[in-house]
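# Examining the three-dimensional arrangement
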Amino acid sequence: MALHIMNIAVVGTGYVGLVTGTCFAETGNHVTCVDIDAAKVEKLNSGTITIYEPGLEKLFIRNQKEGRLHFTTILKDAVADAEIIFLALPTPPGEVGSADLKYILGVAHDLGKIITDYKVIVDKSTVPVGTAAKVHQAIAENYKGAFAVVSNPEFLREGVAVEDFMKPDRVVIGTSDDRARKLMGDLFAPFVRSGNPVIYMDEHSAELTKYAANAFLAVKISFMNEIARLCEKLGADVDMVRRGIGSDERIGKRFLFPGIGYGGSCFPKDVQALVKSASDVQYDFRILDAVMKVNDAQKTILIPRILDYFKGNLKGKKFAIWGLAFKPNTDDIREAPALYIIDALREAGATVSAFDPEAMNNVKQLLGDNIHFAANQYEALEAADALIIATEWNEFRTPSFDKIGSLLRNKVIFDGRNIFDLAQMEQLGYHYESIGRKTIHSNHGS
Ligand SMILES: NC(=O)c1ccc[n+]([C@@H]2O[C@H](COP(=O)([O-])OP(=O)(O)OC[C@H]3O[C@@H](n4cnc5c(N)ncnc54)[C@H](O)[C@@H]3O)[C@@H](O)[C@H]2O)c1
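Residues numbered from 1 in each chain as written. Predicted model: local features only at pLDDT ≥ 70, side-chain atom pairs only at ≥ 80, totals over all residues. Heavy atoms only, no water.

When we look at burial in helix α13 (residues 302-309), the residues that qualify are Leu302, Ile303, Arg305, Ile306 and Tyr309. Buried residues of α13, seen end-on, are gathered within an arc of 165° and therefore sit on one face of the element. Looking at the buried positions of α13, the neighbouring elements they touch are α9 (203-234), β9 (318-322), α14 (337-347), β12 (386-389), β13 (412-415) and β14 (431-433). Phi for Lys311, located one or two positions after α13, is positive at around 55°. (Buried < 20%, exposed > 50% of the residue type's maximum accessible area, 1.4 Å probe, protein only. Helix = DSSP H or I, 4+ residues; strand = E, 2+ residues; numbered from the N terminus. Arc of directions from axis to C-beta. Contact = heavy atoms within 4.5 Å.)

Take a look at the structure:
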């Protein structure tokens, strides 16, 4: 295995870019990360991490101290000595649902004016089929020398991003350039020592692989949410059905948990973008249309139940919400179901008191003082008419039910993540509603 220390540039220092840059530094490379957000770069340069991601801070501090990890706002400085330039830029939905490539192509255009020797430019962002060719074209408008554009989609999961990056299930490298293929293989060699595959393919297949992976996972989630709804109507228990099907290896145990829908910065936009890519080539991706519809409804599935319980009137009622992040172990609130629930509750005249271990600052920036941010999970409950669970953080799983019961005005819980045991809820006298399982009725009225 011919390995050498490389100079790497990472353009975009968000969830993917910061993890990518830090992990490449951790394997001994010299990494310069560049971002247009000057405040972010200043913070990073002062040694303060800008996102919450378990395990990242330790690596970030170590590699910065050891001089392998740098941050700048100046693209030219970042890429001057770099052999490989990663683009970890946003690809948000554009007006018609397709991925907006303005950030990627803007930087590609700038790179064309800056680079002076062979570089490997890597699309790490999730981008539609054909983007590598567009990036190539944007650079070639100004730079006439040799260079390569590689598609290397990222499969990390927020919340376990460092682990996923350091020990990926697979690395996908889409390129037709032999020199780039060799450099990328060398760079990733330390990450696949345990034998997980580096899968080389053409650029188009690599680009589509990422969308296919996310779309498939979204199908799995929406499928289980539909099974859960059916369970409620037919008197079955989704936990049992989940275990019953998950032990079939063809189905697998993971990603079968029903809830209040998928969120985050990836699944919603990637499913939408794949549907748009398909329709651009006159293909009607019917399964994904259904997946999006199911998920849209799922995000606020608790609202009609809450309305039912409170006899159609939420005016003046107060709700405690545990969990704001779109999933546990992250501070990311993009497309978080909790935000949709908060909107619906406020629209119906209710007030909200919320707690999340990591995501409150991000929600504060969005909602200001429209809701109350509690100092801890119990303070959120004070004089609330019910507790809603929107994110399954570990610290919510085994709370003091005595405390919950004494702080809430009514012993009522709407659990969007099925974190509590039905028998226990019954024994403790709660009114407890969850997803795809029977409702536990208390004797108390509303
Ligand atoms: N977040 C994830 O879990 C995840 C996982 C896999 C793939 N992806 C994909 O990776 C890409 C990046 O996602 P993210 O979550 O890291 O986004 P992000 O919004 O957290 O980060 C993007 C960063 O790029 C910076 N930026 C914007 N324009 C720039 C420019 N011209 N020059 C330099 N920096 C610029 C922004 O300031 C920001 O810091 C997206 O395509 C996403 O779909 C994300």
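Let us now look at the packing of helix α5 (residues 102-114) against helix α6 (residues 131-140). Axis separation between α5 and α6 bottoms out at 7 Å; the angle between their running directions is 35°. Two packed elements cross with a definite hand, and for α5 against α6 that hand is right-handed. Taking contact as the criterion, the partners of Ile104, Leu105, Ala108, His109 and Gly112 in α5 are, on α6, Thr131, Lys134, Val135, Ala138 and Ile139. Across the contact of α5 with α6, the residue classes break down as six nonpolar, three polar and one charged. (Axes fitted to C-alpha atoms, helices over the stretch in contact; angles between N-to-C directions. Left-handed = near helix turned anticlockwise from the far one by under 90°. Nonpolar A, V, L, I, M, F, W, Y, C, P; charged D, E, K, R; others polar.)

Running from amino to carboxyl end, α9 crosses helix α12 (residues 286-299) at an angle of 55°, the nearest separation of the two axes being 9 Å. When the axes of α9 and α12 are compared, the pair comes out oblique. For the crossing formed where α9 meets α12, the hand is left-handed. Only Ile287, Leu288, Val291, Val294, Asn295, Ala297 and Gln298 of α12 make contact with α9, whose side of the interface consists of Ala215, Ala218, Val219, Ser222, Asn225, Glu226 and Arg229. Across the contact of α9 with α12, the residue classes break down as eight nonpolar, four polar and two charged. (Parallel < 35°, antiparallel > 145°, perpendicular 65-115°, else oblique.)

Before going further, it helps to examine the pairing of strand β5 (residues 120-123). Residues of β5 alternate between two faces, with Val120 and Val122 on one and Ile121 and Asp123 on the opposite face, all of them buried. Where strand β4 (residues 84-87) meets β5, four bridges bridge the pair, whose relative direction is parallel. Across the sheet, residue Ile85 finds its bridge partner in β5, namely Ile121. In this fold, β4 hands off to α5, which returns the chain to β5; that crossover is right-handed. Both β5 and strand β6 (residues 148-151) contribute to a ladder of four bridges, which runs parallel. Within β6, the residue paired with Ile121 across the bridge is Val149. In terms of handedness, the path from β5 via α6 over to β6 forms a crossover that is right-handed. (Pairing = 2+ DSSP bridges. Right-handed = clockwise from strand over helix to strand, strands pointing away.)

Looking at the ligand, there are 27 residues lining it, with Asp35, Lys40, Thr91, Glu158 and Lys269 nearest. In this structure, Val16 approaches the ligand through a main-chain N or O atom, which is 2.8 Å from an oxygen atom. In the environment of the ligand, a nitrogen atom lies 2.7 Å from a nitrogen or oxygen atom belonging to the side chain of Glu158. Here the ligand has 830 Å² of accessible area as a free molecule, and 88% of this is covered by the chains. Contributing elements (two or more residues each) for the shell around the ligand: α1 (15-26) and α5. (Near = heavy atom within 4 Å. Polar contact = N/O pair within 3.5 Å; in protein donor to acceptor, adjacent residues only side chain to side chain. Areas by Shrake-Rupley, 256 points an atom, 1.4 Å probe, with all protein chains shown as cover.)

So, about the side chain of Arg68. With respect to the secondary-structure elements, Arg68 resides in the loop between α3 (56-65) and β3 (69-72). Within the structure, Arg68 has its side chain in polar contact with the backbone oxygen of Ala25 (distance 2.9 Å). Arg68 has contacts with Ala25, Gly28, Asn29, His30, Val31 and Asn63, leaving out every residue within four places of it along the chain.

A sheet is described by the order of its strands in space; here six strands give the open sequence β11-β10-β9-β12-β13-β14, paired in parallel fashion. Each of the sheet's edge strands pairs with one partner strand only, and the pair in question is β11 (372-373) and β14. Pairing geometry for β12 and β13, over three bridges, is parallel. Within β13, the position partnered with Ile388 by the bridge is Phe414. The strands that α13 touches are β9, β12, β13 and β14; relative to β13, the one it contacts most, it runs at about 165°.

Right, let's talk about the nonpolar core for a bit. The biggest cluster of nonpolar side chains holds 63 residues, and the ones touching the most others in it are Ile306, Ile321, Leu324 and Leu345. At five residues, α14 tops the list of elements feeding residues into this core. Beyond its immediate sequence surroundings of up to four residues, Ile306 is in contact with Leu314, Phe319, Leu345, Ile388 and Phe414. Of all hydrophobic cores here, the second largest spans 41 residues; its members include Val31, Val41, Ile51 and Phe60. (Core = buried A, V, L, I, M, F, W, Y, C linked by side-chain atoms within 4.5 Å.)

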